[in-house]
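Here is how the chains run, residue by residue.
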Amino acid sequence: MKLGIVSDIHANLEALEAVIDALQDKGATRFVCCGDIVGYGPDPNRCVEIVRELGCVSVAGNHDYGVVGQVPLASFNAAASQAALWTRPLLTEPNRLFLANLPLTAVEGPLLIVHSTPLAPETWEYVLTVREAAHEMNHCEADVCVVGHSHQPFAVERLPGGQARLVRQRPFTLRPDARYFINAGSVGQSRDGDPRACCMLYDDDVRAMAYLRIPYDVAAVQAKIRAAGLPERLAARLATGR
Ligand code: ZN
């Protein structure tokens, strides 16, 4: 079985469609989402509907909860808050209910899925360094944890001796005797300098993980963001992936 892993879609329909096409082309038949389906982007309803139609196992991101009023927008920066307030009245009731009922964690096969950190998912802290990832792995019950939130695609492997090392974006195999902290990157708002959408493919039969980078029509999304009157910065950053 091949699993498509998506995260931080951020209402970017063009990126989501491109990523799902690419993952299905490579044989993905099941999908998980590490949260932030909405926020920042211009197509919240269609993105939630695609996630629902795929039967995607999904957890809540801070933007999902923020849009439905379950995380205070005072914790958001100005552009994020403005986008959440723009999104809120647009959501259909079934989509609003779907977001409001997303869990903080989910399990798919050997993977623990969470948006921010497995140790304290409700705090929305960022895990950005090998040291921070090692701390999570040392105290987490699951051997393999997949997160989103920072939009920084990287993986950390901790071998049986206890040493943790950065795997970055090259393909890797989940060793049965090691632990993993994996950030799936962002479908809809890259921040690592590569404007292409990011996602992952997991082949359960051989325990192989791979990052995919998928080009999409950035200009079309930028035009929708500008037409919606959302902050210009949210359009501009898509071209640079910063
Ligand atoms: Zn996000």
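See the structure above.
Described in the following lines is the structure provided in the data block.

What counts, and at which threshold
Residues numbered from 1 in each chain as written. Predicted model: local features only at pLDDT ≥ 70, side-chain atom pairs only at ≥ 80, totals over all residues. Heavy atoms only, no water. Pairing = 2+ DSSP bridges. Helix = DSSP H or I, 4+ residues; strand = E, 2+ residues; numbered from the N terminus. Donors = N, O, S within 2.8 Å, 3.2 Å for Na, K, Ca; no water. Tetrahedral: all angles 85-135°; square planar, octahedral: opposite > 155°, others 65-115°. Buried < 20%, exposed > 50% of the residue type's maximum accessible area, 1.4 Å probe, protein only. Arc of directions from axis to C-beta. Contact = heavy atoms within 4.5 Å. Phe/Tyr/Trp six-rings, centres within 6.5 Å; stacked < 30°, edge-to-face > 60°.

**Observations regarding the sheet that holds strand β3 (residues 57-58)**
Then, number 1: Taken in spatial order, the six strands of this open sheet run β3-β2-β1-β11-β12-β9, and their pairing is mixed. Since the sheet does not close on itself, it has two edges, and those belong to β3 and β9 (172-173), each with one partner.

**Comments concerning the coordination of the zinc ion**
Then, number 1: Those protein atoms acting as donors to the zinc ion are Asp8 (OD), His10 (NE2), Asp36 (OD) and His151 (NE2), and they sit at 2.0 to 2.4 Å.
Then, number 2: Viewed at the metal, the four donor atoms of the zinc ion are separated by angles of 87 to 176 degrees, and the geometry they form is irregular.

**A look at helix α5 (residues 93-100)**
Then, number 1: Among all positions of α5, only Asn95, Leu99 and Ala100 are buried. For α5, the arc enclosing every buried residue in end-on projection is 135 degrees, short of the 170-degree limit, so these residues lie on one face.
Then, number 2: On its buried face, α5 sits against α2 (44-53) and α3 (62-67).

**Some words on the packing of aromatic side chains**
Then, number 1: Taken as a whole and assessed by the stated rule, the structure comprises two aromatic pairs.
Then, number 2: Ring geometry for Tyr65 and Trp124: centres 6.1 Å apart, planes at 90 degrees, overall edge-to-face. With Tyr65 in helix α3 and Trp124 in the loop between β5 (111-114) and α6 (130-139), the pair connects residues that are 59 residues apart, well separated along the chain. Taken individually, Tyr65 and Trp124 each receive the classification buried, so the pair is uniform in this respect.

So yeah, pure geometry; function would need other evidence.
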